[in-house]
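Okay, here's what each chain looks like letter by letter:
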Amino acid sequence: MSATLTDTPRTGRTPGPRLLRGLNWLVVRQHRAALLSLLAVMVLGSIWLVYQRGEMTQALEAAGWPEKQPAQPTYASTGLSLTLTALSGLPMILAVFLGAPLVAGDQEHGTAQLITTQSVSRRRWLTAKLAWCYGAVIVSSAVLSAFFTWWWKPYRSVFPSLWPDGQIFDSTGPVLPALCLFLTAAGITIGMLLRRVVVAMAVTFVFAGFIEVLWGELRVYLAPSRTLTYPLDADMPARLNESHELDRWISSADGHLYGWGLCSKATEAASDACIKEHGIVNNVYEYLGFDQMPSMQWTGAGILLAAGAVLTAFALWRVSRSPL
């Protein structure tokens, strides 16, 4: 007598209800190792960030901060360096080890052809995989970014990296989730086109490295620069304390700009003569202010998310037009 799908198992136990069914259950089961790994990274990483913040707080309080500025070894620990390195490398790791094999692995092993010959369309199958992948990437990276921002913001004056540096700017606020999502989408697209896991991972690694360099060059253009003019002999205004210098000049009373080093002479008398000869009376400082950081981050995150959306739309379009 043949058994049917509705028969009670031979164990005599009726299977309990599943939280997930159909395609979602299949995707989660297929990628459960990657999803559980991301969950573990998020939980353990959050615990690590809380611990490191506590360690820094104790060290700074013992050193008398903020009344006294502590020596750098007090706060520049191995744990902090490891944290900055790990957060900076997270987008590339996700792109190479999660994005690149996501579809390429199914193509290489024939799983994609098997699944899409059933009642599930190629687009629906890919949409389910992308939804779970993107959801896991956004949630895990957003939680880690939130914990690191909570650590960094009140203690930013004693961090070895300044706010415009990639290790800080790209690891706080919305930038880390957006960058992770974009590079993961890039890895998925590259894997879909190349159809081989190892090759796709190698190409994704190179592409992610190129994007990191390019992003570092574009970061300062995410907000309009500001210019401040103040007297030549005056101290730098306090509002420039956390600013990021883009350029600096000296100028005459009529506003003519000269290079900063024009009157850097061997002797003070020669410098004074140069200043008098050119009528120089002001310093001109071009900068990005710390208060511009949130708008820069949201602008950058918007650009990255838009690029990720384009890659996703291309992947969905291609999978509906070409066989896997």
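Quick caveat: nothing in here was measured; it's all calculated off a predicted structure. (Residues numbered from 1 in each chain as written. Predicted model: local features only at pLDDT ≥ 70, side-chain atom pairs only at ≥ 80, totals over all residues. Heavy atoms only, no water.)

(A) Seen up close, the overall build of the chain. When helices and strands are tallied, the chain shows eleven helices and four strands. Taken over 324 residues, the chain has a buried fraction of 40%. Summed over all atoms, the accessible surface of the chain reaches about 18000 Å², with 62% contributed by carbon and sulfur. (Helix = DSSP H or I, 4+ residues; strand = E, 2+ residues; numbered from the N terminus. Buried < 20%, exposed > 50% of the residue type's maximum accessible area, 1.4 Å probe, protein only. Areas by Shrake-Rupley, 256 points an atom, 1.4 Å probe, with all protein chains shown as cover.)

(B) Representation of the confidence of the model for the chain in the model. Predicted confidence across the chain gives a mean pLDDT of 87, with 89% of residues reaching 70 or more. Within the chain, the lowest mean pLDDT, 50, falls on helix α3 (residues 72-75), and the highest, 96, falls on helix α8 (residues 175-194). Predicted confidence is poor over residues 1-8, with pLDDT under 50, and the contacts of this stretch with residues over four places away or in other chains come to two contacts. (pLDDT = per-residue confidence, 0-100. Contact = heavy atoms within 4.5 Å.)

(C) Looking closely at helix α1 (residues 22-30). Those residues of α1 not exposed but buried are L23, V27 and V28. The buried residues of α1 occupy one face: seen down the axis, they fall within an arc of 130°. Contacts made by the buried residues of α1 are with α2 (32-62) and α6 (122-152). (Arc of directions from axis to C-beta.)

(D) Region of interest: the pattern of salt bridges. Evaluated as defined, the whole model comprises five salt bridges. Here D106 ties to K129 by a salt bridge, and the two come within 2.8 Å at their closest N and O atoms. On the criterion of sequence distance, the pair formed by D106 in helix α4 (residues 78-109) and K129 in helix α6 is long-range, its members being 23 residues apart. Judged by relative accessible area, K129 falls into the buried class, the value being 1%. Notably, a salt bridge pairs D291 with R226, separated by 2.9 Å at the nearest N-O pair. Here R226 lies in strand β1 (residues 226-231) and D291 lies in the loop between β4 (280-288) and α11 (293-321), a separation of 65 residues in the sequence. For R226, a relative accessible area of 30% corresponds to the partly exposed category. (Salt bridge = Lys/Arg side-chain N within 4 Å of Asp/Glu carboxyl O.)

(E) Quick look at the packing of aromatic side chains. Summed over the entire model, instances satisfying the criterion amount to ten aromatic pairs. Ring geometry for F147 versus W150: centroids 6.3 Å apart, planes at 85°, classification edge-to-face. Placement of the pair is F147 and W150 together in helix α6, with a separation of three residues, close to one helical turn. Since its relative accessible area comes to 41%, W150 is described here as partly exposed. Geometrically, the ring pair formed by W163 and F290 is edge-to-face, given 6.1 Å between the ring centres and 70° between the ring planes. Taken together, the residues span a long stretch of sequence, with W163 in the loop between α6 and α7 (166-169) and F290 in the loop between β4 and α11 at a distance of 127 residues. A connected cluster of aromatic rings, assembled from ring pairs, spans F148, W151 and F159. (Phe/Tyr/Trp six-rings, centres within 6.5 Å; stacked < 30°, edge-to-face > 60°.)

(F) Broad picture of unusual backbone geometry. Not every positive phi belongs to a glycine, and R195 is a case in point at roughly 65°. Along the chain, R195 falls in the loop between α8 and α9 (197-218). Looking at R195, the relative accessible area reads 27%, which means it is partly exposed.

(G) Just the packing of α6 against α11, in detail. Packing of α6 against α11 leaves a shortest axis separation of 11 Å and a crossing angle of 165°. The angle between α6 and α11 falls in the class roughly antiparallel. The handedness of the crossing between α6 and α11 is right-handed. For the pair formed by α6 and α11, the contact residues are R122, R123, L126, T127, L130, Y134 and W152 on the first element and M293, T312, A315, L316, V319, S320 and R321 on the second. (Axes fitted to C-alpha atoms, helices over the stretch in contact; angles between N-to-C directions. Parallel < 35°, antiparallel > 145°, perpendicular 65-115°, else oblique. Left-handed = near helix turned anticlockwise from the far one by under 90°.)

(H) Just the nonpolar core, in detail. Counting 66 residues, the largest nonpolar core has F148 and F159 as its most contacted members. Those elements that provide at least two residues to this core are α1, α2, α4, α6, α7, α8, α9 and α11. In terms of residue count, the dominant contributor to this core is α4 (13 residues). (Core = buried A, V, L, I, M, F, W, Y, C linked by side-chain atoms within 4.5 Å.)

(I) Structural detail: the sheet that holds β4. A sheet is described by the order of its strands in space; here four strands give the open sequence β1-β4-β2-β3, paired in antiparallel fashion. Each of the sheet's edge strands pairs with one partner strand only, and the pair in question is β1 and β3 (257-259). Neighbour-to-neighbour, the strand axes of this sheet turn through a mean angle of 35°, independent of strand direction. Where strand β2 (residues 244-252) lies against β3, three bridges are found, and the strand directions are antiparallel. Residue pairing across strands places I250 opposite Y258, the latter belonging to β3. (Pairing = 2+ DSSP bridges.)

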